[in-house]
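Spelled out, the chains give:
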Amino acid sequence: EQSPPPPMLRRANRRRGPVPLFGSDELRFKAPADEGAGADGGEAEELTPLFLRRSDFRAAWLASGGSDDALPAAQVSDLRSLAWQMECESAFDWRSIVLVAPQDSIDLALELQQQQQQQQEQASDAPRRKRSEVQRDLFPPDTGVVGGFPR
């Protein structure tokens, strides 16, 4: 049984609006063996995904082989309330809950990661400059500044 959220959390949700999470007991996944198996090498853990968008919940259902006609009703929760429950309720094993980011956010994160990796590779390929060359470029001789300090 869930404890009701504290008044301060209820006020925050009324003021800022809830952060909805969509899931269903009918939509579960097995963790890959290397991630979900226990230290004893036991069977992979069953995970319950929670989505930030109803459309992602539906897409996951369809991708798992479910049909549109058999789409289960989404159980709607709130991210702040879930975080509070995770902190305060120790009877439930929360390790099986997986928050799933929207696909376009995942795609953007991967794109930015690739760009960063390319920039790092380009920077490592660039020839290293001597300190005196950098200072000369930053403070040309005709500016009256030597080594970053006025003469």
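Residues numbered from 1 in each chain as written. Predicted model: local features only at pLDDT ≥ 70, side-chain atom pairs only at ≥ 80, totals over all residues. Heavy atoms only, no water.

> It is not clear to me how the environment of Leu 71 should be interpreted in this structure. Could you clarify?
Tracing the backbone through its elements, the reader meets Leu 71 in the loop between helix H3 (54–63) and strand S4 (75–78). Residue Leu 71 is classed as partly exposed on the basis of its relative accessible area of 31%. In sequence terms Leu 71 and Glu 26 are 45 residues apart; their C-alpha atoms lie 9.2 Å from each other. (Helix = DSSP H or I, 4+ residues; strand = E, 2+ residues; numbered from the N terminus. Buried < 20%, exposed > 50% of the residue type's maximum accessible area, 1.4 Å probe, protein only.)

> What is the right way to look at a nonpolar patch on the surface in this model?
A contiguous nonpolar patch, built from Val 134, Leu 138 and Phe 139 and spanning about 250 Å² of accessible area, is present on the exposed surface. By secondary structure assignment, the location of Phe 139 is in the loop between helix H6 (131–138) and strand S6 (145–146). (Patch = residues over 30% accessible without salt bridge, like charges linked within 9 Å, V, L, I, M, F, W, Y side chains within 5 Å. Areas by Shrake-Rupley, 256 points an atom, 1.4 Å probe, with all protein chains shown as cover. Salt bridge = Lys/Arg side-chain N within 4 Å of Asp/Glu carboxyl O.)

> I'm lost on the environment of Ala 44 in this one. Help?
Topologically, Ala 44 is positioned in the loop between helix H2 (33–36) and strand S3 (46–51). The exposure class of Ala 44 is partly exposed, given its relative accessible area of 23%. With 15 residues separating them along the chain, Ala 44 and Phe 29 place their C-alpha atoms 9.8 Å apart.

> Please explain helix H4 (residues 79–88) as it appears in this structure.
Residues lying three or four places apart along an α-helix face the same way, a consequence of the helix completing one turn every 3.6 residues. All buried positions along H4 are accounted for by Ser 81, Leu 82 and Gln 85. Take H4 and look down its axis: the buried residues cluster within an arc of 100°, on one side only. Check the buried side of H4 and you find it contacts helix H1 (7–16), strand S1 (20–23), S3, S4 and strand S5 (97–100). Where H4 starts, the residue carrying a side-chain oxygen 3.2 Å from the main-chain nitrogen of Arg 80 turns out to be Asp 78. (Arc of directions from axis to C-beta. Contact = heavy atoms within 4.5 Å. Polar contact = N/O pair within 3.5 Å; in protein donor to acceptor, adjacent residues only side chain to side chain.)

> Mind showing me how you'd approach the packing of aromatic side chains here?
Aromatic ring pairs are defined here through the distance separating the ring centres and the angle between the ring planes. Using the criterion set out here, one finds one aromatic pair in the structure. Aromatic pair Phe 51 and Phe 57: ring centres 6.2 Å apart, planes at 65°, arrangement edge-to-face. (Phe/Tyr/Trp six-rings, centres within 6.5 Å; stacked < 30°, edge-to-face > 60°.)

> Please explain the packing of H1 against H4 as it appears in this structure.
For any two helices packed against each other, one specifies the crossing angle of their axes together with the interaxial distance. Two numbers describe how H1 lies on H4: the axes approach to 10 Å, and their chain directions differ by 160°. The orientation of H1 with respect to H4, classified from their angle, is roughly antiparallel. Here the hand of the crossing between H1 and H4 comes out right-handed. Of H4, the residues touching H1 (which contributes Leu 9, Asn 13 and Arg 16) are Arg 80, Ser 81 and Trp 84. By residue class, the composition of the contact of H1 with H4 is two nonpolar, two polar and two charged. (Axes fitted to C-alpha atoms, helices over the stretch in contact; angles between N-to-C directions. Parallel < 35°, antiparallel > 145°, perpendicular 65-115°, else oblique. Left-handed = near helix turned anticlockwise from the far one by under 90°. Nonpolar A, V, L, I, M, F, W, Y, C, P; charged D, E, K, R; others polar.)

> Help me understand the pattern of salt bridges, please; the structure alone is not making it clear to me.
Opposite charge on two side chains permits them to pair, given that their charged atoms come into close proximity. One pass over the structure, following the stated rule, counts five salt bridges. Across the pair Arg 53 and Asp 104 runs a salt bridge, and its minimum N-O distance is 2.9 Å. Within this pair, whereas Arg 53 is found in the loop between S3 and H3, its partner Asp 104 is found in helix H5 (residues 103–125), the two being separated by 51 residues in sequence. Residue class for Asp 104 comes out partly exposed when judged on its relative accessible area of 44%. A salt bridge links Arg 95 to Asp 93; its shortest N-O distance comes to 2.9 Å. Look at the salt bridges and you will find they share partners, linking Asp 25, Arg 28 and Glu 46 into a network.

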